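# Observations on the three-dimensional arrangement
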Amino acid sequence: MLVLLPPSETKSEGGDGAPLDLGDLSMPPLTETRELLVHALVDLAADPEASARALGLGATQFDEVERNAKLWVSPTTPALFRYTGVLFDALDAGAFTRTQRDKAYRRLGIGSALFGAIRAADPVPAYRLSGGSKLPGFGTLAALWRPELSDAIVAEADGDLVVDLRSGIYQQLGPIPGAVTATVLTEQPNGTRKVVSHFNKHHKGLLARALVLTRAEPTDIKGVARVASKAGLRVEVASPTELIVLT
C-alpha cells in the first residue's frame, strides 16, 4: 500500500542531513524535472520581489525566498519530518516508535510541487513552491508534471493499492487512476454535510496514521474502511474508489 499525502506550505527548519542530492530521491524518472525546477527557484530567488509575486508571498514572508536561494546548500531532513501543519500534527510521526517510523517510510509518500512526489524517508530541504504557483518562463506546474508524474507514482506503487489523500491541486499534477480517495465531510446541525478545511486536513492525518500503524495490508477500499473504522473514524464507502470520512 502506498498512501500519498499532500504537502504543506509550512515546513520545519534545518535538519542534519547533507545538502540536496536529487539522486537520493525516490522515483528517479522525475529527476530531470526536479532539477529544472530547483534551478528555476534558485535563480528566481535572486530577485526577491519577482519571487514574492510568483510564489504569492506577503510582505512578511521574504524568508521563504531565502530558503529557495539556499536549496542546493541547506541541510535536509526526511520528508516525513519536513512538512508541518494540521495534517502532519494529526499524523504525529514524532511519536512513532522506530518500527512504526520505518513502516511510515515504507507506506507513505508526499506530493510536492517541487519534487512531484517523494517517499517519506527522502531527504529534502525546506522550500516554498505551491501546486498553483506559476514560475516565469514556465506554464502551469500541472502541465509540467502531468506527462510523467502519474506513471512514476504507479511504478513506485508496483501493483499495490494507492490511497491518494492529496488535495485536488496536487492530484491534478499526477492523477492516479483507480486510487482510493478520501472526502472529509462535516455534518451540520441541520443534517447537511460540507467540507471544512481544518477538519479535512486533521482527519486525513488521522486516516494516514491509522494506515501506517495497522498490521493489515488493505488491497481495496473495503480494507481501508475497516482500518479507518477500527481506528475510531466514521466512514462510508461512497464508490469503489471514494471513502467518505465524517466529522
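Right above here is the structure, for reference.
Owing to the predicted nature of the structure, the values given are computational and were not obtained by experimental measurement.

About the cut-offs
Just so you know, the residues in each chain are numbered from 1, in the order the chain's sequence is written. Side-chain atom pairs in this predicted model are given and counted only at pLDDT of 80 or more, local residue features only at pLDDT of at least 70, and totals for whole chains, interfaces and linings cover all residues. Note: side-chain values were computed over all heavy atoms of the structure, leaving out hydrogens and water. At least two DSSP bridges between two strands are needed for those strands to be called paired. Elements are defined by DSSP. Helices are runs of H or I of four residues or more, strands are runs of E of two residues or more, and each kind is numbered from the N terminus. Take the buried Ala, Val, Leu, Ile, Met, Phe, Trp, Tyr and Cys residues and link them wherever side-chain atoms come within 4.5 Å; each set so joined is a nonpolar core. Whether a residue is buried, partly exposed or exposed follows from its accessible area with a 1.4 Å probe, protein chains only, as a fraction of its type maximum: under 20%, in between, or over 50%, in that order. Throughout, a contact is declared for two residues whenever any of their heavy atoms are within 4.5 Å. Axes, fitted as lines to C-alpha atoms, cover a helix only where it is in contact. Angles between the N-to-C directions of the axes lie from 0 to 180 degrees. Angular relationships are summarised with four words: roughly parallel below 35 degrees, roughly antiparallel beyond 145, roughly perpendicular across 65 to 115, and oblique for the angles in between. It is the rotation of the near helix from the far one that decides the hand of a crossing: anticlockwise by less than a right angle makes it left-handed, clockwise makes it right-handed. Each residue gets one label: Ala, Val, Leu, Ile, Met, Phe, Trp, Tyr, Cys and Pro are nonpolar, Asp, Glu, Lys and Arg are charged, and the others, such as Gly, are polar. With a 1 Å grid spanning the protein atoms alone, the term cavity applies to any set of points in which a 1.4 Å probe fits but cannot get out, the term pocket to an open set with protein on both sides within 12 Å along at least five of seven lines, and the term lining residue to any residue with an atom within 4 Å of a point. Grid points are joined across faces, edges and corners, and a volume is the space filled by probe spheres set on the points. Between Lys or Arg on one side and Asp or Glu on the other, a salt bridge is scored when a side-chain nitrogen of the former is within 4 Å of a carboxyl oxygen of the latter.

## Things to note about the pairing of strand S4 (residues 116-119)
As paired strands, strand S3 (residues 108-112) and S4 are joined by 4 bridges and run antiparallel to one another. Bridged to Ser 112 within S4 is Gly 116. Here S3 folds back onto S4 in antiparallel fashion, the turn holding 3 residues.

## Considerations on the nonpolar core
The nonpolar side chains of soluble globular proteins are, as a tendency, buried together. By size, the foremost hydrophobic cluster in this structure holds 76 residues, and its most contacted members are Leu 5, Leu 108, Leu 114, Phe 115, Leu 129, Leu 135 and Val 163. If you tally residues by element for this core, the top one is helix H7 (residues 141-157), at 7 residues. Non-local contacts of Val 163, meaning those with residues more than four positions away in its chain, are made with Met 1, Leu 2, Val 3, Leu 4, Val 180, Leu 211 and Val 224.

## Observations concerning unusual backbone geometry
The bulk of non-glycine residues show a negative phi, and the bulk of peptide bonds are trans. Phi is positive for Met 27, close to 60°, though the residue is something other than glycine. Turning to its location among the elements, Met 27 is positioned in the loop between strand S1 (2-5) and helix H1 (31-44). With phi around 55°, Asp 92 is a residue other than glycine that occupies positive phi space. Topologically, Asp 92 is positioned in the loop between helix H5 (86-91) and helix H6 (98-107).

## Some thoughts on the packing of H1 against H7
Packing of H1 against H7 leaves a shortest axis separation of 10 Å and a crossing angle of 160°. As judged from the angle between their axes, H1 and H7 are roughly antiparallel. Between H1 and H7 the crossing geometry is left-handed. Contacts between H1 and H7 involve Thr 33, Arg 34, Leu 36 and Leu 37 from the first element and Leu 141, Leu 144, Trp 145 and Glu 148 from the second. Among the residues forming the contact of H1 with H7, the class breakdown is 5 nonpolar, 1 polar and 2 charged.

## Focus: the layout of surface pockets
The space that makes up the largest pocket amounts to roughly 360 Å³. Lining the largest pocket are 19 residues, with Pro 6, Pro 7, Ser 8, Glu 9 and Lys 201 positioned closest to its centre. When contributions to the lining of the largest pocket are tallied by element, the ones reaching two or more residues are H5 and helix H9 (197-213). In terms of residue class, the lining of the largest pocket is built from 8 nonpolar, 7 polar and 4 charged.

## Re the pattern of salt bridges
For the structure on display, the rule yields 12 salt bridges. Glu 64 serves as the salt-bridge partner of Arg 128, at 3.2 Å between the closest nitrogen and oxygen. Highlighted residues: Arg 128 in the loop between strand S5 (123-124) and H7 and Glu 64 in helix H3 (residues 63-69), separated in sequence by 64 residues. Among the residues examined, Arg 128 registers a relative accessible area of 9% and is labelled buried. Among the charged side chains, a salt-bridge network with shared partners connects Glu 9, Glu 13, Glu 64, Arg 67 and Arg 128.

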